[in-house]
Amino acid sequence: MTGRNKWISLGVLALLIALLPLFFPSGYYYRVGALIFVNALSVVGLVILIGYAGQISLGHAGFAGIGAYACALAPEHLGLHPALALVLGAVVSGVMAALIGKPILRLKGYYLAVATLGFGILVSMVLTNERGLTGGPDGMNVADLGLRSLLRDMGWRLSGGEFWYMVCGVVLLVGAWLALNLFDSPSGRAMRALHGSEVAAATVGVDVPRQKLRAFVISAVYASVAGSLLALQNGYITPDVAGFMHSVEMVTMAVLGGVGSVLGATFGAAILTLLPQVLTVFAEYEQLVLGLVMVLVMIFLPQGLLPSIARRLKGRDE
Amino acid sequence: MDALLQFLFSGLTVGAVYALVALGFTIIYNASDVVNFAQGEFVMLGGMITVFAFEAGLPLPLAAVVAILITSAIGVALNKLAIEPARGAPVVSLIIITIGASIVIRGATQLVFDKQLHRFPSFSGDDPIHVLGATILPQSLWVIGGALAVFVGLWIFFTLTLTGKAVLATANNRVAAQLVGINTGWVMTLSFGLSAAIGAFAGVLVTPITLVGYDVGVALALKGFAAAMLGGMGNPKGALVGGLLLGCFEALTAGYLSSQYKEAVAFIVILGVLFVMPQGLFGSKSTERV
């Protein structure tokens, strides 16, 4: 991706975030939009791991869980401001990823999948079982960020939906910008070399384990921040945020949109976030349709939706 | 001592189910290099279809046969409709395809049947058998015996029959197998049918003990996968031993440490094994050479 493409991607994303509210018929859509941005943020993290470095994780919801519960627990027990709790969660996730990543990332393919999956399950199990601390399966309340009342004091009145739409949109933009910068950096190029062939990358002097670990840690921090934003936004959190299905959803969003591109990942996140909202009308068919979408896209559009569509459009132009 | 024996009995019972799921994984993995995350759904289907066929008035053995046949057909359909069209796709795509398929099967089951938990009567009564101060349910013996029977049956199939040898040849080297005239496409179909049948059989055996509902497959698939990995992916003996070991780990943890964290310990053990010997207990020691 050249420098120009980077700014095009960011520009498109910024325009979408800024202009979409013009088409919102009700406040409810701000909530859905914010949810899309949160999901897209963790998926951008997975693009770094899967798309750049070529490693899979089926346990990234574990990091989202750490971020979410940091925002729930730290203000209550440590007296931290929720914003600092978000940072704390990100640090804990990053350190955790560094610690478990070292041994885990030696594994490949299905073995790596099951090892990361095991990590995610352990996190969600702790969150579910430590009732005294986390409220168990019922979940717990999350403190208010306080930023909205601050804005109100400054004379800027926003509804909860509008406020979170803005915050999540801005964080997503920053996350996308960082990811795109990484893509062009020497470190990013080294990561992308892994995707082609780890052996080839090693022969040209790439420190393979180090780059894998770096991608793993960065993507864990993305997932953690996304988890924190979700918790703060809802004001409430349950262990589902760290569940296996959430990990699967994240990977599906990444692969659905096209794992190589930040814009595609956002697109994938948007579709899979919108789908259940649309399908609530046909609640019984929700799982069936979700599964079918996963299977069909993987078979017929293996590059992901956005790249496939882009290629088809280009093909028609020429 | 009595307590230990009691824990081992329950461990071997669930372990036998994990072993059957792991055997299913192994067969498909060998034939196609695909780890089929819908394997747990085969177990669920075996139990669910038997329940509803039985409640519709079929005698239990016939209901079980119907369930195994229908599940095999679904396994074959999975291969034809989702796996074969995606031939050569990267591992991530295959993982998502089979997870997607498992969600489809779960969603369809919930539509066709319901969301309740079900059971049917044990095969030979519910009077516990006393062994050395511990007790074991007759149905547990069915489960353990069933797993062993399947293992022996598979061993005979793979070593003594031409078809079985064709499967082994395909597993070993797909292109070479094709060159000597083996229809590898058919081998894959057979493998999916066979592993679905084994999964459904496990579901039939265990439903009287653990109950069945549309969503019991996820946990089973994860445990079966872990068991297969513990034993060494692709190795039937490893699947059997890995499953039984995993079941015993879980039961002992639940008994002596914490019932809430029994599954955690299972995963920790597996992670430990993967770090020390990534090929699993019985995996081939071959290293990737470049």
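Residues numbered from 1 in each chain as written. Chains lettered and ligands numbered in written order. Predicted model: local features only at pLDDT ≥ 70, side-chain atom pairs only at ≥ 80, totals over all residues. Heavy atoms only, no water.

Peer 1: Whenever I open this one, the overall build of chain A confuses me. Can you help?
Peer 2: Each helix and strand in chain A was counted, giving 15 helices and two strands. For 318 residues, the compact-globule estimate of 2.2 N^0.38 gives 20 Å, and chain A sits close to it at 19 Å. In terms of overall dimensions, chain A has a C-alpha envelope of 55 × 45 × 45 Å along the principal axes. Here chain A holds 318 residues, and 55% of them are scored as buried. Residue pairs at least 24 apart in sequence account for 77% of intrachain contacts in chain A once pairs closer than 6 positions are excluded. (Helix = DSSP H or I, 4+ residues; strand = E, 2+ residues; numbered from the N terminus. Rg over C-alpha atoms; globule rule 2.2 N^0.38 Å. Buried < 20%, exposed > 50% of the residue type's maximum accessible area, 1.4 Å probe, protein only. Contact = heavy atoms within 4.5 Å.)

Peer 1: Would you take a moment to explain the packing of aromatic side chains for this structure?
Peer 2: Aromatic ring pairs are defined here through the distance separating the ring centres and the angle between the ring planes. This structure, assessed with the given rule, holds 16 aromatic pairs over all chains. Aromatic pair B:F7 and B:Y256: ring centres 5.1 Å apart, planes at 85°, arrangement edge-to-face. Pair noted here: B:F7 is in helix 1 (residues 2-32) and B:Y256 is in helix 10 (residues 236-256), with a separation of 249 residues, a long-range link. The exposure class of B:F7 is partly exposed, given its relative accessible area of 21%. An aromatic cluster is built from A:F24, A:Y28, A:Y29, A:Y30, A:F37 and A:Y165, whose rings are joined through pairwise contacts. Taking NZ or CZ as reference, A:R192 lies 3.7 Å from the ring centre of A:F183, over its face. (Phe/Tyr/Trp six-rings, centres within 6.5 Å; stacked < 30°, edge-to-face > 60°. Lys NZ or Arg CZ within 6 Å of the ring centre and 35° of its normal.)

Peer 1: What is the right way to look at the UniProt feature "transmembrane region" (unreviewed entry) in chain B in this model?
Peer 2: Here the UniProt feature "transmembrane region" (unreviewed entry) sits at residues 6-27, 60-79, 91-113, 141-163, 184-205, 211-231, 238-258 and 264-282 of chain B. Within residues 141-163 of chain B, the helical portion is 96% and the strand portion 0%, while the C-alpha atoms at the span's ends are 31 Å from each other. (UniProt positions renumbered as here; feature names shortened; annotations may be inferred.)

Peer 1: Sorry if this is basic, but what is going on with the nonpolar core here?
Peer 2: Side chains of a nonpolar character, in soluble globular proteins, are inclined to be buried together. The biggest cluster of nonpolar side chains holds 199 residues, and the ones touching the most others in it are A:Y52, A:W164, A:I237, B:F225 and B:M233. By residue number, the principal contributor to this core is helix 2 (residues 28-52) of chain A, which donates 16 residues. In this view, A:W164 contacts A:A34, A:L145, A:G169, A:L229, A:L232 and A:Q233; residues no more than four positions away in its chain are not counted. (Core = buried A, V, L, I, M, F, W, Y, C linked by side-chain atoms within 4.5 Å.)

Peer 1: So what exactly am I meant to see when it comes to the UniProt feature "transmembrane region" (unreviewed entry) in chain A here?
Peer 2: Within the UniProt annotation, "transmembrane region" (unreviewed entry) is assigned to residues 7-24, 30-51, 58-75, 81-100, 109-127, 163-183, 254-275 and 287-306 of chain A. Along residues 287-306 of chain A one finds 80% helix and 0% strand; the C-alpha atoms at either end are 23 Å apart.

Peer 1: Explain the interface of chain A and chain B to me, please; I cannot follow it from the model alone.
Peer 2: Accessible area lost on assembly of the parts is the figure often given for the size of an interface. In this complex, chain A contributes 38 residues to the contact, which on the side of chain B involves 43 residues. Between chain A and chain B, a total of about 3,700 Å² is buried, with carbon and sulfur atoms accounting for 80% of that surface. On the chain A side of the contact with chain B, A:Y110, A:Y111 and A:Q287 bury the most area, a combined 21% of that side's loss. Summed over the shared surface of chain A and chain B, the number is zero salt bridges. One can count two residue pairs in polar contact (both at pLDDT 80 or more) joining chain A with chain B. For the side of chain A that touches chain B, the secondary structure elements donating two or more residues are helix 4 (82-104), helix 5 (109-129), helix 12 (244-257) and helix 14 (286-300) of chain A. Here the side of chain A that touches chain B takes 13 residues from helix 5 of chain A, the largest share from any one element. Split by residue class, the side of chain A that touches chain B holds 29 nonpolar, six polar and three charged. (Buried area = accessible area lost by both parts, 1.4 Å probe. Salt bridge = Lys/Arg side-chain N within 4 Å of Asp/Glu carboxyl O. Polar contact = N/O pair within 3.5 Å; in protein donor to acceptor, adjacent residues only side chain to side chain. Nonpolar A, V, L, I, M, F, W, Y, C, P; charged D, E, K, R; others polar.)

Peer 1: Would you mind going over helix 9 (residues 186-196) of chain A with me for this structure?
Peer 2: It helps to recall that an α-helix has 3.6 residues per turn; residues three or four apart then point in one direction. Residue and element names in this part refer to chain A. Burial in helix 9 covers these residues: S187, G188, A190, M191 and L194. With its buried residues spanning 160° around the axis, helix 9 presents them on a single face. Turned more than 90 degrees away from the buried face of helix 9, the exposed residues are P186 and G196. The inward-facing, buried residues of helix 9 abut helix 2, helix 8 (160-184), helix 10 (198-203) and helix 11 (208-234). (Arc of directions from axis to C-beta.)

Peer 1: Before we go on, may I ask you to explain the environment of B:A239 in this structure?
Peer 2: Residues and elements named next belong to chain B. The residue A239 is located in helix 10 in this model. On the basis of relative accessibility, which here comes to 0%, the residue A239 falls in the buried class. A C-alpha to C-alpha distance of 9.1 Å links A239 and F225, two positions 14 residues apart in sequence. Leaving out residues up to four positions away in the same chain, A239 has contacts with A19, A22, L23 and T26.

Peer 1: Explanation requested: the confidence of the model for chain B in the structure shown.
Peer 2: Parts of the prediction with low pLDDT should not have their coordinates interpreted in detail. Residues and elements named next belong to chain B. Looking at chain B as a whole, its pLDDT mean stands at 88, while 96% of the residues score no less than 70. Throughout residues 286-290 the model reports pLDDT below 50, and contacts reaching past four residues in sequence, or to other chains, amount to one contact. Scoring the predicted complex yields pTM 0.86 and, for the interface, ipTM 0.84. (pLDDT = per-residue confidence, 0-100.)

Peer 1: Even after reading the chapter, I still don't get the packing of helix 9 (residues 217-231) of chain B against helix 10 of chain B, so can you show me in this structure?
Peer 2: All names here are of chain B. At a minimum axis separation of 7 Å, helix 9 and helix 10 run at an interaxial angle of 120°. Once helix 9 is placed against helix 10, the crossing between them reads as right-handed. Side by side, helix 9 and helix 10 meet where K223, A226, A227, L230 and G231 of the first sit next to G238, G242, G243, L245, L246, F249 and E250 of the second. The class makeup of the residues in the contact of helix 9 with helix 10 is six nonpolar, four polar and two charged. (Axes fitted to C-alpha atoms, helices over the stretch in contact; angles between N-to-C directions. Left-handed = near helix turned anticlockwise from the far one by under 90°.)

Peer 1: What's the story with the packing of helix 1 of chain B against helix 9 of chain B in this structure? I'm lost.
Peer 2: Pairs of packed helices are described in terms of their axes, by the angle between the two and the distance that separates them. All names here are of chain B. It is at 8 Å that the axes of helix 1 and helix 9 come closest, and there the two elements cross at 75°. Viewed along their axes, helix 1 and helix 9 adopt a mutual orientation that is roughly perpendicular. When helix 1 is examined against helix 9, the residues V17, Y18, V21, A22 and F25 are found in contact with a partner set consisting of L220, A221, K223, G224, F225, A227 and A228. Looking at the contact of helix 1 with helix 9, its residues break down into 10 nonpolar, one polar and one charged. (Parallel < 35°, antiparallel > 145°, perpendicular 65-115°, else oblique.)

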